[in-house]
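# Descriptive structure summary
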Amino acid sequence: MPKNKGKGGKNRKRGKNEAEDEKRELVFKEDGQEYAQVLRMLGNGRCEALCIDGTKRLCHIRGKMHKKVWIASGDIILVGLRDYQDDKADVILKYQPDEARLLKAYGELPDNVRLNEGIAGGMDDDEDGEGDDYIEFEDEDIDRI
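No experiment lies behind these values; they were computed from the predicted model shown.

Conventions adopted
- Residues numbered from 1 in each chain as written.
- Predicted model: local features only at pLDDT ≥ 70, side-chain atom pairs only at ≥ 80, totals over all residues.
- Heavy atoms only, no water.
- Salt bridge = Lys/Arg side-chain N within 4 Å of Asp/Glu carboxyl O.
- Helix = DSSP H or I, 4+ residues; strand = E, 2+ residues; numbered from the N terminus.
- Buried < 20%, exposed > 50% of the residue type's maximum accessible area, 1.4 Å probe, protein only.
- Pairing = 2+ DSSP bridges.
- Axes fitted to C-alpha atoms, helices over the stretch in contact; angles between N-to-C directions.
- Patch = residues over 30% accessible without salt bridge, like charges linked within 9 Å, V, L, I, M, F, W, Y side chains within 5 Å.
- Areas by Shrake-Rupley, 256 points an atom, 1.4 Å probe, with all protein chains shown as cover.
- Arc of directions from axis to C-beta.
- Contact = heavy atoms within 4.5 Å.
- Polar contact = N/O pair within 3.5 Å; in protein donor to acceptor, adjacent residues only side chain to side chain.

## Structural notes on the pattern of salt bridges
On inspection of all chains with the given rule, the structure shows 7 salt bridges. Close ionic contact of Glu99 with Arg24 constitutes a salt bridge, the shortest N to O distance being 2.9 Å. Of this pair, Glu99 sits in helix H2 (residues 97–106) while Arg24 sits in the loop between helix H1 (10–14) and strand E1 (33–43); the two residues are 75 residues apart in sequence, bridging distant segments of the chain. For Glu99, a relative accessible area of 7% gives the class buried. With a relative accessible area of 39%, Arg24 lands in the partly exposed category. Measuring nitrogen to oxygen at the nearest pair gives 2.7 Å for the salt bridge that ties Glu48 to Arg40. One continuous salt-bridge network, built from bridges that share partners, spans Asp53, Arg57 and Asp86.

Rendered as structure tokens:
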């Protein structure tokens, strides 16, 4: 049987994410960049995101982040805008939930952005706590059916 000459298998590759617990410096947007919230994942390293300027863009996850930083719908990301394609962008950075809360506190994100939600967008309904998701029937209504 041939001798292995590599540096290890998949278990070694799994253990490379040691520095995730450490606090990192908060990165603000620069010229040519925009904050966005992921609407849905499309597969093949792409996602659909709603940028803060109101534009829906098809975003490509860069190779450095691919299979290392997991992005889900509802996450706040920093995208780099393309000069030649306005409807496409590149994901530069994914913000952790505490970083996204800080961005909102600093006024970088508008108030209508919902954080810690599984699904983004279209959630600005009145929240009275009434529960408009069900209809209550009386016994007479059921008898008529």
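## Concerning unusual backbone geometry
Not every positive phi belongs to a glycine, and Asn44 is a case in point at roughly 60 degrees. Mapped onto the elements, Asn44 comes out in the loop between E1 and strand E2 (46–51). We note that Lys67 has phi near 65 degrees; this positive angle belongs to a residue other than glycine. Tracing the backbone through its elements, the reader meets Lys67 in the loop between strand E3 (56–61) and strand E4 (76–81). With a relative accessible area of 65%, Lys67 lands in the exposed category.

## Thoughts on the sheet that holds E3
Ordered in space as E1-E2-E3-E5-E4, the 5 strands form a closed barrel in which the pairing is mixed. Across the sheet, the mean angle from the axis of one strand to that of its neighbour is 50 degrees, orientation sign disregarded. By the bridge criterion, 5 bridges tie E1 to E4 in an arrangement that is antiparallel. Bridging across to E4, Glu34 finds its partner in Val79.

## Remarks on a nonpolar patch on the surface
A cluster of nonpolar side chains, namely Phe28, Leu102 and Tyr106, defines an oily patch on the protein surface of about 300 Å² accessible area. Residue position: Tyr106 is located in helix H2. Residue classification places Tyr106 among the exposed residues on the basis of a relative accessible area of 52%.

## Considering H2
Of the positions making up H2, those classed as buried are Glu99, Ala100 and Leu103. Take H2 and look down its axis: the buried residues cluster within an arc of 100 degrees, on one side only. At its buried positions, H2 is contacted by E1, E4 and strand E5 (88–94).

## As for the side chain of Gln37
Looking at the secondary structure, you find Gln37 in strand E1. Within the local environment of Gln37, its side chain forms a polar contact with the backbone oxygen of Arg114, the two atoms lying 2.7 Å apart.

## A short note on the pairing of E3
Burial along E3 is one-sided: the face carrying Arg57, Cys59 and Ile61 is buried and the face carrying Lys56, Leu58 and His60 is not. Direction of pairing for E2 relative to E3: antiparallel, over a ladder of 5 bridges. By the bridge assignment for E3, Ala49 is matched with Arg57. Linkage of E2 to E3, two consecutive antiparallel strands, is achieved through a turn of 4 residues, within which Gly54 is found at a positive phi near 95 degrees. Looking at chain direction, E3 and E5 are connected through 4 bridges and run parallel. What sits directly across from Ile61, in E5, is Val91.

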